[in-house]
Protein chains: 2
Amino acid sequence: MAEHITSRQENYSQWYNDLVVKAGLAENSAVRGCMVIKPYGYAIWEKMQHQLDKMFKQTGHENAYFPLFIPKSFLSREAEHVEGFAKECAVVTHHRLMANPNGSGVVVDPSAKLEEELVVRPTSETIIWNTYKNWISSYRDLPILVNQWANVVRWEMRTRLFLRTAEFLWQEGHTAHATKAEAIAETEKMVGVYADFARNYMAMPVIVGHKTESERFAGALDTLCIEAMMQDGRALQAGTSHFLGQNFAKAFDVKYQSKEGALEYVWATSWGVSTRLMGALIMAHGDDNGLVLPPNLAPIQVVMVPIFNKQEQLEQVLEKMKDIKTALEKLGISVKIDDRENVRSGFKFAEWELKGVPVRLAIGPRDLENHTVEVARRDTLTKESMSLDTIVDNVAALLEEIEKNIYNKALAYRDSHLYRIDTWEDFKQQIDKGGFLLCHWDGTPETEAKIQEETKATIRCIPMDTCVCEEEGKCVYSGKPSTRRVVFAKAY
Amino acid sequence: MAEHITSRQENYSQWYNDLVVKAGLAENSAVRGCMVIKPYGYAIWEKMQHQLDKMFKQTGHENAYFPLFIPKSFLSREAEHVEGFAKECAVVTHHRLMANPNGSGVVVDPSAKLEEELVVRPTSETIIWNTYKNWISSYRDLPILVNQWANVVRWEMRTRLFLRTAEFLWQEGHTAHATKAEAIAETEKMVGVYADFARNYMAMPVIVGHKTESERFAGALDTLCIEAMMQDGRALQAGTSHFLGQNFAKAFDVKYQSKEGALEYVWATSWGVSTRLMGALIMAHGDDNGLVLPPNLAPIQVVMVPIFNKQEQLEQVLEKMKDIKTALEKLGISVKIDDRENVRSGFKFAEWELKGVPVRLAIGPRDLENHTVEVARRDTLTKESMSLDTIVDNVAALLEEIEKNIYNKALAYRDSHLYRIDTWEDFKQQIDKGGFLLCHWDGTPETEAKIQEETKATIRCIPMDTCVCEEEGKCVYSGKPSTRRVVFAKAY
């Protein structure tokens, strides 16, 4: 048997950790809060990167790279930004080590103290807007549509693999525009790209909406987000897109000359997703046997396991498998033949289940005789026998079906855990059971804060999909009038 | 006219800087020694990455990601490594900033001092071998063939864009093997991949060889490298592959149980190339008009510039251009139509020359009448008129020819600056004029050091291509007997 995994029922949090570690996705490193992303985990992240990068380029963006370090003083330039990001961060104070004069090893060289400390970027608005100052002088220089793939560091006290780590990988888009309308359109476009990616590649339904003022990015005028529901009913923020107004342009004095000759401050957006998406992917679809990967992001989409007693049988089966592999690869499907001879097939089955490979084909001598192949689906854990003649087309169709089925399953779960709650008693009762609570809210940060204090629930977003939530009502906490419902939940 | 570029003749070093900045590849940032890689520069780097990544995967490697930070004590674990890398590096000492109690801005929070300082990775052998310790217990766990794409920091005092920066981007392969022979084979295989990449994608001839003991990577038993010649006759080390023996396995206590049941230390290699390759690419091929990009790495392979007086002409020309673009893109060729209307075509020609686009097509109303197109080659700066009927096939063939021609030109330059030098007088005279000096050397670090002291020349490598250099002779400096020539040069 493969490694034991704690069941979701028994301990959801331990189940998550078991999956991450035992499926070979990531592990903790010797450095507090920093993870090692293992090859299988990184291969999934690469598939995410590849698809997102394609979508960014299709929407007119280019990649660039900005420094890892930010001068400490830059963080103070934007008043709200400093509150949000100039706190728990890695501070570089020296640039040299030297042999320890009083013993072994190396120590910091006190003579190599930096004049101004550098902060390892927690996000790059400040260093990028300081750069854009030199790139922008006229309306002809706009828009700037740039994205960066990078590592960032936020010194978190409590960390969890993928979900909250001191160092994580992400992309951050930073765009500059001549008009407010254009910047807002960009903010909306990019949250749309994220929603598209979540739904059609991660097979994960999301609610798109605005953050409340208190949940906004530090320095933004508006933050749009996508919120997904995990299998314990908690929310996970999977991507954000910020309309930054002219805040960073003012902080770094970035102006452009308009067509009419006037000097105007530039409008900004920023948007990002991170390796946190790996956590979302695992928790949205995994089951008690391991990962369940949507075919669109699975590094291995089809695994083939030969069944045999004698060497001669193995060779016959492998020959057939290689033909199928070649044919599947021509359709762009990634295939692995697990021909290890020192491992039993039951062990292989469990291992590839743990790793979430969408389709498993098993062929033995009897299959060859009958001209059949055993096809197992990871999402439903069902098996059926198919003809070898049509296996290639059938597998291609099956992968599409699995992608849809995984999405539909997650959608059904999410929708059955959406509650319209109208009284404070019901709210308190439901919130501990999990799920998204659609409630009226009076729009004040005070009420929002009190609800959080009493229940740990936050407003995940004010949904943009108006038809669902726009209606008259009374705030679930204060009883004051409200014109729309918002989404409350406990969140990762 | 486009921006003025200093000629190579006038000032080679300034010419290089002009190209980097004016072609929009990179610029210095507000952080000392850290560069901003601009979109056009990053697009070239992405093409390099994409091709190298493919070659690594074809040779069985997988990507992973390890922490940015290394505990200070790790650097001291391998005796030679600490000498090489525990010096000029960025040291993180604190994990929090706080509001300045005595004024504005933020200051380091003295209460947030780390127990052990962290170093921003200058290279990752130590953190990776500390991780491999947990991954390896049996011969079945070997080999581990892992690569990482990452940023690293080495606090350089004098920096130059791409060639020597405090932060740079690179890939570092780290492999673990059961036997010495297998590790040596891997070291050789990967320097071979680098040579293949340099020659067939960068169109840059390289000499493959061993570093002398004093030029080896800190902690390696052998360092293989590829050395290229720039147009000023200086050498540029473009990639290295290290056989690390069991040094890191011993430092981090990484043993495996062999098939026979014995406990053995694991054998290691590491290998890397960095954004320094961008500097090599620029300096190997650029001319006084700007970059000359080999088609295999050019983000834009073909640019089309419409020639027109009236709007109606522009539309007719653009229609034709779009047909050609579609046909070229079907062949996998990247094409840009420069349809800007506020810029004259002469300006466009100069700009795309500066940016090194291999082929430029210009079409005007008279061309449409004559059914022709003007084809300009960036490598030779020649123009000819071709028929519109066969333009797609001709451009495809031309791109291949340009790739070859750029290589051959660089090879001819390199070979005409290779000198077999046998006396110390000749050595001193030639070394200041540049070029690679093939000389006998007595094999001692003392002679090597003295030659460097007197001339600033170093031994770039002991070539692996035995037929060129293996012969009896006398050391150019000491007159002692030698069995082979080595390559001396001044280097970047």
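Residues numbered from 1 in each chain as written. Chains lettered and ligands numbered in written order. Predicted model: local features only at pLDDT ≥ 70, side-chain atom pairs only at ≥ 80, totals over all residues. Heavy atoms only, no water.

Draft legend 1. A look at the relation of the copies chain B and chain A. Screw-axis analysis of chain B against chain A gives a translation of 0.0 Å along the axis, an RMSD of 0.0 Å, and a rotation angle of 180 degrees. The relationship between the two copies is best expressed as a two-fold rotation axis. For chain B, the residue whose C-alpha comes nearest the rotation axis is B:Val92, separated from it by 2.1 Å. (Least-squares fit on C-alpha atoms with pLDDT ≥ 70 in both.)

Draft legend 2. Up close: the interface of chain B and chain A. The interface of chain B with chain A comprises 64 residues on the first partner and 64 residues on the second. With a closest N to O distance of 2.6 Å, A:Arg96 and B:Glu88 form a salt bridge. Counting across the interface, chain B meets chain A through 32 residue pairs in polar contact (both at pLDDT 80 or more). Here the side of chain B that touches chain A gets seven residues from one element, more than from any other, and that element is strand β5 (residues 88-94) of chain B. Looking at the side of chain B that touches chain A residue by residue, the classes come out as 39 nonpolar, eleven polar and 14 charged. Where strand β5 (residues 91-99) of chain A meets β5(B), four bridges bridge the pair, whose relative direction is antiparallel. Across the sheet, A:His94 pairs through a bridge with B:Val91, a residue of β5(B). (Contact = heavy atoms within 4.5 Å. Salt bridge = Lys/Arg side-chain N within 4 Å of Asp/Glu carboxyl O. Polar contact = N/O pair within 3.5 Å; in protein donor to acceptor, adjacent residues only side chain to side chain. Helix = DSSP H or I, 4+ residues; strand = E, 2+ residues; numbered from the N terminus. Nonpolar A, V, L, I, M, F, W, Y, C, P; charged D, E, K, R; others polar. Pairing = 2+ DSSP bridges.)

Draft legend 3. Seen up close, the environment of B:Ala268. Residue and element names in this part refer to chain B. Here alanine 268 lies in strand β16 (residues 267-274). Separated by 62 residues in the primary sequence, alanine 268 and lysine 330 place their C-alpha atoms 44 Å from one another. In this structure alanine 268 touches Trp129, Thr175, Ala183, His242, Phe243, Leu244 and Gly245, once residues within four positions along its chain are discounted.

Draft legend 4. Structural context of the packing of aromatic side chains. Residues and elements named next belong to chain A. Applying the stated criterion across every chain yields a total of 36 aromatic pairs over all chains. Consider the rings of phenylalanine 66 and tyrosine 132, whose centres lie 6.4 Å apart with planes at 80 degrees: the pair is edge-to-face. Of this pair, phenylalanine 66 sits in the loop between β3 (62-63) and β4 (69-71) while tyrosine 132 sits in helix α5 (residues 125-135), and the two are 66 residues apart along the sequence. A single burial state applies to phenylalanine 66 and to tyrosine 132, both of which are buried. Relative to tryptophan 271, the ring of tyrosine 194 has its centre 6.5 Å away and its plane inclined at 65 degrees; by these criteria the two rings are edge-to-face. Placement of tyrosine 194 in helix α6 (residues 180-200) and of tryptophan 271 in strand β15 (residues 267-274) is noted, with a sequence separation of 77 residues between them. For tyrosine 194, a relative accessible area of 1% corresponds to the buried category. (Phe/Tyr/Trp six-rings, centres within 6.5 Å; stacked < 30°, edge-to-face > 60°. Buried < 20%, exposed > 50% of the residue type's maximum accessible area, 1.4 Å probe, protein only.)

Draft legend 5. Up close: the sheet that holds strand β19 (residues 372-377) of chain A. All names here are of chain A. Spatially, the five strands line up as an open sheet ordered β17-β16-β18-β19-β20, and their pairing is mixed. In this open sheet, the two edge strands, each paired with only one partner strand, are β17 (335-337) and β20 (383-387). For this sheet the average axis-to-axis angle between neighbouring strands, irrespective of direction, equals 25 degrees. Direction of pairing for strand β16 (residues 302-306) relative to β17: parallel, over a ladder of three bridges. Counted as the bridge partner of methionine 304 is isoleucine 337 from β17. Together, β16, β17, β18 (359-363) and β19 form the strand contacts of helix α10 (residues 345-354), whose direction differs from that of β16 by roughly 170 degrees. Helix α12 (residues 391-415) rests against β16, β18, β19 and β20 of the sheet, and its axis sits at about 10 degrees to β19. (Axes fitted to C-alpha atoms, helices over the stretch in contact; angles between N-to-C directions.)

Draft legend 6. Expanded view of the sheet that holds strand β19 (residues 359-363) of chain B. Residue and element names in this part refer to chain B. Strand order in the open sheet made by the five strands is β18-β17-β19-β20-β21, with mixed pairing throughout. Every interior strand has two partners, whereas the edge strands, β18 (335-337) and β21 (383-387), have only one. On average, adjacent strands in this sheet sit at an angle of 25 degrees to one another, irrespective of strand direction. Where strand β20 (residues 372-377) and β21 come together, five bridges link them in antiparallel fashion. Of the residues in β21, the one forming a bridge with threonine 372 is serine 387. Across the sheet, helix α9 (residues 311-330) is in contact with β17 (302-306), β18 and β19; its angle to β17 comes to roughly 170 degrees. Together, β17, β18 and β19 form the strand contacts of helix α10 (residues 345-354), whose direction differs from that of β17 by roughly 170 degrees.

Draft legend 7. Representation of the packing of helix α2 (residues 39-58) of chain B against helix α6 (residues 180-200) of chain B in the model. Residues and elements named next belong to chain B. Closest axis-to-axis distance for the α2/α6 pair is 11 Å, and the angle between their directions is 140 degrees. Along this stretch, α2 crosses α6, giving a crossing that reads as right-handed. The residues of α6 that touch α2, namely those facing Met48, Gln51, Leu52, Met55 and Phe56, are Met190, Val193, Tyr194, Asp196 and Phe197. When grouped by side-chain class, the residues that make up the contact of α2 with α6 number eight nonpolar, one polar and one charged. (Left-handed = near helix turned anticlockwise from the far one by under 90°.)

Draft legend 8. Seen up close, the nonpolar core. Grouped together as the largest cluster of nonpolar side chains are 100 residues, with contacts concentrated most on A:Phe69, A:Trp129, B:Phe69 and B:Trp129. Here B:Phe69 is in contact with A:Val31, A:Cys34, A:Ala90, A:Val120, A:Val153, A:Trp155, B:Val92, B:Leu118, B:Val119, B:Val120 and B:Ile127, once residues within four sequence places are set aside. (Core = buried A, V, L, I, M, F, W, Y, C linked by side-chain atoms within 4.5 Å.)

Draft legend 9. Structural view of a negative patch on the surface. The grouping of A:Glu312, A:Glu315, A:Asp339 and A:Glu341 at the surface amounts to a negative patch. Note on placement: A:Glu315 falls in helix α9 (residues 311-330). (Patch = residues over 30% accessible without salt bridge, like charges linked within 9 Å, V, L, I, M, F, W, Y side chains within 5 Å. Areas by Shrake-Rupley, 256 points an atom, 1.4 Å probe, with all protein chains shown as cover. Lys, Arg positive; Asp, Glu negative; His and termini not counted. Charge placed at Lys NZ, Arg CZ, Asp CG, Glu CD.)

Draft legend 10. Broad picture of the environment of A:Phe66. Accessibility expressed as a relative area gives 0% for A:Phe66, which makes it buried. Note: C-alpha distance between A:Phe66 and A:Ser124 (58 residues apart in sequence) is 7.9 Å. Setting aside anything within four residues of it in sequence, one finds A:Phe66 in contact with A:Arg121, A:Ile127, A:Ile128, A:Thr131, A:Tyr132, A:Trp135, A:Val146, A:Gln148, B:Val36 and B:Glu167.

Draft legend 11. Focus on the pairing of strand β8 (residues 144-153) of chain A. Residue and element names in this part refer to chain A. Of all ten residues in β8, ten are buried, a share of seventy percent or more. Neither face of β8 is open: one carries Ile144, Val146, Gln148, Ala150 and Val152, the other Leu145, Asn147, Trp149, Asn151 and Val153, and all of them are buried. Here β3 runs beside β8; their pairing, made up of two bridges, is parallel. Residue asparagine 63 lies in a different strand from β8, and its bridge partner there is asparagine 147. Sheet topology places β8 next to strand β9 (residues 167-177); ten bridges connect them, and they run antiparallel. Across the sheet, valine 146 pairs through a bridge with histidine 174, a residue of β9.

Draft legend 12. Spotlight on the confidence of the model for chain A. Scored by pLDDT, chain A has a mean of 96; 99% of the residues are at 70 or more. As scored by the predictor, the complex reaches a pTM of 0.97 and an ipTM of 0.96. (pLDDT = per-residue confidence, 0-100.)

Draft legend 13. Examining the pattern of salt bridges more closely. Considering all chains together, one arrives at 52 salt bridges over all chains under this definition. The partner of B:Arg377 in a salt bridge is B:Asp379, with the nearest N and O atoms 2.7 Å apart. Between B:Asp422 and B:Arg485 there is a salt bridge, and its shortest N-O distance comes to 2.9 Å. With a gap of 63 residues between them, B:Asp422 in the loop between β22 (418-420) and α13 (424-431) and B:Arg485 in strand β26 (residues 481-489) connect regions that are remote in the sequence. The partly exposed category is assigned to B:Asp422, whose relative accessible area is 46%. Residue classification places B:Arg485 among the buried residues on the basis of a relative accessible area of 5%. By sharing partners, the salt bridges in this structure join A:Asp338, A:Arg340, A:Lys348 and A:Glu351 into a single network.

Draft legend 14. How the structure looks around α2(B). Residues and elements named next belong to chain B. A rise of 1.5 Å per residue sets the reference length of α2, with its 20 residues, at 28 Å; its end C-alpha atoms lie 28 Å apart and thus fit the reference within 8%. Of all 20 residues making up α2, 14 are buried, and the element is well covered by its neighbours. Of the residues trailing α2, glycine 60 is marked for its positive phi of about 90 degrees. (Expected span 1.5 Å × (residues − 1).)

Draft legend 15. Quick peek at the side chain of B:His174. Residues and elements named next belong to chain B. Counting through the fold element by element, histidine 174 comes out in strand β10 (residues 167-177). Reaching out from histidine 174, the side chain makes a polar contact with the side chain of glutamate 172 at a distance of 2.8 Å. Contacts of histidine 174, omitting those with residues within four sequence positions, involve Ser124, Glu125, Ile128, Tyr132, Ile144, Val146, Thr269 and Ser270.

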